[in-house]
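One-letter residues, chain by chain:
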Amino acid sequence: LATVLQEQGKWQEAEEMQRQALAGMRRVVGQDHPDTLRSMDHLATVLRELGKWQEAEETHSEVLKARRRLLGEEHPHTLSSMNNL
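As the structure is a computational prediction, the values presented were derived from the model and not from experiment.

Here is what the cut-offs are and how they apply
- Here the residue numbers are simple positions, counted from 1 along each chain's written sequence.
- Two thresholds apply to this predicted model, a pLDDT of at least 70 for residue-level local features and 80 or more for giving and counting side-chain atom pairs, whereas whole-chain, interface and lining totals are computed over all residues.
- Side-chain figures throughout are based on the complete set of non-hydrogen atoms in the structure, without hydrogens or water.
- Per the convention used, a helix needs a DSSP run of H or I reaching at least four residues, while a strand needs a run of E reaching at least two, with both numbered from the N terminus.
- Two things to know: the radius of gyration comes from C-alpha atoms, and the globule rule equals 2.2 Å times the number of residues to the power 0.38.
- Remark: exposure states derive from per-residue accessible area (1.4 Å probe, protein chains only) relative to the maximum for the residue type, with buried under 20%, exposed over 50%, and partly exposed in between.
- Working rule for contacts: check all heavy atoms of both residues, and any pair within 4.5 Å makes them a contact.
- Values of accessible area rely on a 1.4 Å probe in the Shrake-Rupley scheme; residue burial ignores everything except the protein chains shown.
- Fitted lines through C-alpha atoms give the axes, limited to the stretch in contact for helices. The angle between two N-to-C directions lies from 0 to 180 degrees.
- Orientation is classified from the angle alone, with under 35 degrees giving roughly parallel, over 145 giving roughly antiparallel, 65 to 115 giving roughly perpendicular, and any other angle giving oblique.
- Take the far helix as your reference; a near helix turned counterclockwise from it by less than a right angle gives a left-handed crossing, and one turned clockwise gives a right-handed crossing.
- Classes in brief: Ala, Val, Leu, Ile, Met, Phe, Trp, Tyr, Cys and Pro nonpolar; Asp, Glu, Lys and Arg charged; the others, Gly included, polar.
- The length a helix should cover is 1.5 Å for every residue beyond the first.
- Think of a nonpolar core as a cluster: buried Ala, Val, Leu, Ile, Met, Phe, Trp, Tyr and Cys residues, connected wherever their side-chain atoms sit within 4.5 Å.
- We define a salt bridge as a side-chain nitrogen of Lys or Arg found within 4 Å of a carboxyl oxygen belonging to Asp or Glu.

Caption draft 1: Layout of the overall build of the protein. When you go through the protein residue by residue, the secondary structure sums to five helices and zero strands. Mapped from its N terminus to its C terminus, the protein presents α and β elements in the order α-α-α-α-α. In terms of overall size, the protein behaves like a compact globule, its C-alpha atoms giving a radius of gyration of 12 Å where 85 residues would be expected to give roughly 12 Å. For the protein, the proportion of its 85 residues judged to be buried stands at 31%. Put simply, of all contacts in the protein between residues at least 6 apart along the chain, 40% involve residues at least 24 apart. Counting only carbon and sulfur atoms, one obtains 51% of the accessible surface of the protein, whose full area is about 5,300 Å².

And the structure:
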């Protein structure tokens, strides 16, 4: 649903939905699970679109740090995180 909201330009609603999804992921699969990191990445993208630059940067940085630790420097997801930041 959050992706649909984003596509419709409903960024505030998308942010709320992304935060709910992220909270659920953290609770169900844990902080370091790839799906949780993906949810964080999606939230950071929404925050960037809303002009919440500081929080977006912090969130993207957290994802990058975790992916470096878990996947290594050369993994495609890590490289994608570098690009997003």
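Caption draft 2: Layout of the packing of helix α3 (residues 34-49) against helix α4 (residues 53-71). Contact geometry for α3 and α4: axes closest at 8 Å, N-to-C directions at 155 degrees. Accordingly, the angle class assigned to the pair α3 and α4 is roughly antiparallel. Two packed elements cross with a definite hand, and for α3 against α4 that hand is left-handed. Residues Leu37, Arg38, Met40, Asp41, Ala44, Thr45, Leu47 and Arg48 of α3 lie in contact with α4, whose contacting residues are Trp53, Glu55, Ala56, Thr59, His60, Glu62, Val63, Ala66, Arg67 and Leu70. Along the lines of polarity and charge, the residues of the contact of α3 with α4 split into nine nonpolar, three polar and six charged.

Caption draft 3: Molecular detail of α4. Helix length check: α4, at 19 residues, gives a terminal C-alpha distance of 26 Å against a target of 27 Å (1.5 Å per residue), a fit within 8%. Among all positions in α4, only Ala56, Thr59, His60, Val63, Leu64, Ala66 and Arg67 are buried. For α4, the secondary structure elements touched by its buried residues are α3 and α5 (76-84). Backbone geometry just after α4 places Gly72 at a positive phi near 95 degrees.

Caption draft 4: View of the nonpolar core. With eight residues, the main nonpolar core is built from Leu22, Leu37, Met40, Leu43, Leu47, Ala56, Val63 and Ala66. Elements that contribute at least two residues to this core include exactly α3 and α4. Of all the elements, α3 adds the most residues to this core, at four residues. Once you skip the residues sitting within four places of it in the chain, Leu22 turns out to touch Thr36, Ser39, Met40 and Leu43.

Caption draft 5: Geometry of the pattern of salt bridges. Taken as a whole, this structure holds six salt bridges when the rule is applied. Note that Glu15 is salt-bridged to Lys52, the shortest N-O span being 2.9 Å. With Glu15 in helix α2 (residues 11-29) and Lys52 in the loop between α3 and α4, this pair connects stretches of sequence that are 37 residues apart. Close ionic contact of Glu55 with Arg19 constitutes a salt bridge, the shortest N to O distance being 2.7 Å.

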